[in-house]
Amino acid sequence: MITASPKSIVIAGGGAIGLACAVVLARAGYGVVLADPADRGGNASAVAAGMLAPAFESVLDPASKGLFTLLRAGREAWLDLLPQEDGSPTGLSQPGALWVPTPSGLRAEVMAETFAAMGAQSEILTPIAAHAMSPGLDPKGEDCLFTKEDWCLDVTVVTEWLYREALGLGVEVIPASITAFSPGRASLSDGRHLAADHLVIAAGLGRGMAPLAPELACLSPIKGQILFFEGAGPMQGPAIRSPAGYVVARASGAMVGATMEFGLEDLTPDAVVGERLRAAGANLFPTLARAMVQHRVGIRAATPDGLPLVGPSLFSGVTLACGARRNGWLLAPLIAKIVTAQLSNAPVGPWAAQMDPRRFERAAPPPPH
Ligand SMILES: Cc1cc2nc3c(=O)[nH]c(=O)nc-3n(C[C@H](O)[C@H](O)[C@H](O)COP(=O)(O)OP(=O)(O)OC[C@H]3O[C@@H](n4cnc5c(N)ncnc54)[C@H](O)[C@@H]3O)c2cc1C
């Protein structure tokens, strides 16, 4: 039996959300154990593009329409989580994002009206100004729309930092999955048991965890394929959004994505999809047409309304922190704050009600007793 601390919490899952919860809970004084059987690269968080994009997500993702203020609160929560180095937070950049329309796509002027209606900052740029902002970009003679609202994380850098911070705060990391829980005791896949007052489920789709929280039954998978051009494409500058996909600049090379394949949860890269994504990237940055590429796949977990499950389960001692769909990185620190406030009986803030797992109660099977 692993030793208990007075307020001990076990977190199932070491992706973006589990790690953010581990850090925020440990900072609040909880004794935290983080259990995850996967390698650091083995989850959706590791393949993500790392956009913190409240503005463009609210416009381009049908499930996120009307959520600009909530998503912007998620973006802001990163400033509390990350340390400042040389005046800027580790792994986070604030380069903005640029809409590059196609002739048949939404014009920059129309996009600007949508931004204004939701209270988001934006400005129209000529093609020359857009090219100057993102060298190598071919805006095809179209006016573009720039916003400062959307930021970016380097998910590799930030994941490493979150692990180091968690370990430094005394979080114990165990390479096993959680197989059972009742208040006071969690069981691990390596046969050990762990004394824990509370379980936080941050296990993404959480396949196999349904007996631990009936609310997980509402989650469905969305497969996402994305290309990483190591050492090629834009390495700094705004994220480029276009009707055919996005190009995210990273110091190690550009990322082009991503598919939204509803109901699929296999991790097989599809070569035809890869070529389509490459063509979309090369249409914006012609040098990507022949650059070396890594094709990556991740599975997002989604609820019926697109917002995550954050808060108490029907099952005693269990809290949910999962189902963040395509905005898990954006929302991770906000989710961690809400989870920590709930467990501490502190005010949960204005966004918790929208993410309450009980909003799907009628769809979930009743608890066993
Ligand atoms: C291609 C792609 C691009 C994306 N781009 C962005 C983006 O730009 N911005 C953004 O905000 N989001 C993006 N996302 C979405 C984002 O990646 C996810 O929402 C986020 O990673 C979810 O994090 P998570 O911690 O919930 O889950 P995961 O990262 O999936 O982590 C869950 C972890 O739980 C572990 N686990 C499972 N079962 C158990 C168990 N029983 N016990 C213990 N551990 C368990 C798994 O091993 C896994 O490591 C993207 C996703 C994809 C696929």
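What counts and what doesn't
Residues numbered from 1 in each chain as written. Predicted model: local features only at pLDDT ≥ 70, side-chain atom pairs only at ≥ 80, totals over all residues. Helix = DSSP H or I, 4+ residues; strand = E, 2+ residues; numbered from the N terminus. Buried ≥ 20, exposed ≤ 12 C-beta atoms within 10 Å, placed from the backbone. Contact = placed C-beta atoms within 7 Å. Core = buried A, V, L, I, M, F, W, Y, C linked by C-beta atoms within 7 Å. Domains from an automatic or database assignment. Expected span 1.5 Å × (residues − 1). Arc of directions from axis to C-beta. Near = placed C-beta within 6 Å. Axes fitted to C-alpha atoms, helices over the stretch in contact; angles between N-to-C directions. Parallel < 35°, antiparallel > 145°, perpendicular 65-115°, else oblique. Nonpolar A, V, L, I, M, F, W, Y, C, P; charged D, E, K, R; others polar. Pairing = 2+ DSSP bridges. Left-handed = near helix turned anticlockwise from the far one by under 90°.

### Section: the overall build of the chain
No. 1: Counting its secondary structure elements, the chain contains 10 helices and 23 strands.
No. 2: With the C-alpha coordinates of the chain rotated into their principal frame, the extents come out at 65 × 45 × 40 Å.
No. 3: By the burial criterion, 50% of the 369 residues in the chain qualify as buried.
No. 4: Pairs at least 24 apart in sequence give 71% of the contacts found in the chain among residues at least 6 apart.

### Points about the nonpolar core
No. 1: Membership of the largest hydrophobic core comes to 122 residues, with the highest contact counts inside it found for Ala20, Cys21 and Ile201.
No. 2: The element best represented in this core is helix α1 (residues 16-27), accounting for 10 residues.
No. 3: Taken domain by domain, this core gets at least three of its residues from each of domain 1 (8-46 + 156-218 + 305-363) and domain 2 (97-148 + 220-302).
No. 4: Setting aside anything within four residues of it in sequence, one finds Cys21 in contact with Ile11, Val200, Ala202, Ala321, Ala336 and Val339.

### Regarding helix α7 (residues 155-168)
No. 1: Here α7 is 14 residues long and its end C-alpha atoms lie 19 Å apart, about the 20 Å a rise of 1.5 Å per residue gives.
No. 2: Taken residue by residue, α7 has Val155, Val158, Thr159, Trp161, Leu162 and Ala166 as its buried positions. Along the axis of α7, the buried positions cluster into a sector of 165°, meaning they face one direction only. Relative to its buried face, α7 has exposed residues pointing more than 90 degrees away, namely Arg164 and Gly168.
No. 3: At the C-terminal side of α7, Gly170 shows a positive phi close to 95°.

### Looking at the site of the ligand
No. 1: Around the ligand there are 42 residues in total, and Gly13, Gly15, Gly204, Gly224 and Gly328 lie nearest to it.
No. 2: Among the secondary structure elements, those contributing two or more residues to the shell around the ligand are α1, α2 (44-47), β16 (220-230), β21 (294-302) and α9 (328-343).
No. 3: Among the domains, domain 1 (8-46 + 156-218 + 305-363) and domain 2 (97-148 + 220-302) are the pair contributing at least three residues each to the shell around the ligand.

### Considering the packing of helix α4 (residues 68-81) against α9
No. 1: Two elements in contact, α4 and α9, have axes separated by 7 Å at closest approach and are oriented at 75°. When the axis of α4 is compared with that of α9, the two are roughly perpendicular. When α4 is examined against α9, the residues Leu71, Ala73, Gly74, Arg75, Ala77, Trp78, Asp80 and Leu81 are found in contact with a partner set consisting of Leu330, Leu331, Pro333, Leu334 and Lys337.

### A word on the domain arrangement of the chain
No. 1: The domain boundaries assigned to the chain delineate domain 1 (8-46 + 156-218 + 305-363) and domain 2 (97-148 + 220-302).
No. 2: Summarising the inter-unit geometry, the C-alpha centres of domain 1 and domain 2 are found 30 Å apart.
No. 3: Of the residues in the side of domain 1 that touches domain 2, the class split is 3 nonpolar, 3 polar and 2 charged.

### Describing the sheet that holds strand β11 (residues 172-174)
No. 1: Strand order in the open sheet formed by 6 strands is β11-β2-β1-β15-β23-β22, with mixed pairing between adjacent strands. Where the open sheet ends on each side, the last strands, each with one partner, are β11 and β22 (309-312). Going from strand to strand, the sheet's axes swing by 20° on average, the running direction of each strand aside.
No. 2: Two strands pair when backbone bridges link them, and strand β1 (residues 8-12) and strand β15 (residues 198-201) are joined in this way by 4 bridges, in the parallel orientation. Directly across from Ile9, in β15, lies its bridge partner His198.

### Regarding the sheet that holds strand β13 (residues 185-188)
No. 1: The strand order across the open sheet formed by 3 strands is β12-β13-β14, and the pairing between neighbours is antiparallel. Each edge of the sheet is formed by a strand with only one pairing partner; in this case those strands are β12 (178-182) and β14 (193-194).
No. 2: With 2 bridges joining them, β13 and β14 adopt antiparallel strand pairing. Looking at the pairing, Ser187 lines up with His193 of β14.

### Looking at unusual backbone geometry
Trans peptide bonds make up most of the peptide bonds, and negative phi angles are found at most residues other than glycine.
No. 1: Backbone torsion omega between Gly257 and Ala258 reads -20°, so that peptide bond is classified as cis.
No. 2: Along the chain, Ala258 falls in the loop between β19 (253-257) and β20 (261-262).
No. 3: Of note, the phi angle at Lys140 is positive, near 55°, even though the residue is not glycine.
No. 4: Summarising the element assignment, Lys140 is placed in the loop between α6 (127-133) and β9 (144-147).

### Remarks on the packing of α1 against α9
No. 1: With their axes 8 Å apart at the nearest point, α1 and α9 run at an angle of 35° to one another. The element α1 and its partner α9 pack so that their crossing is right-handed. Across the interface between the two elements, Ala16, Ile17, Ala20, Cys21, Val24 and Leu25 of α1 pack against Gly328, Trp329, Ala332, Pro333, Ile335, Ala336, Lys337, Val339 and Thr340 of α9.

### Considering helix α8 (residues 271-284)
Along an α-helix, residues three or four apart share an orientation, since each turn contains 3.6 residues.
No. 1: With 14 residues, α8 extends 20 Å from end C-alpha to end C-alpha; this agrees with the ideal 20 Å at 1.5 Å per step.
No. 2: Looking at α8, one finds that the buried residues are Leu277, Gly281 and Leu284. The buried side chains of α8 occupy one side of the element, clustering within an arc of 55° when seen end-on. Exposed and oriented more than 90 degrees from the buried face of α8 are Ala271, Val272 and Glu275.
No. 3: Its buried side turned inward, α8 meets β16, β17 (239-242), β18 (245-248) and β19.

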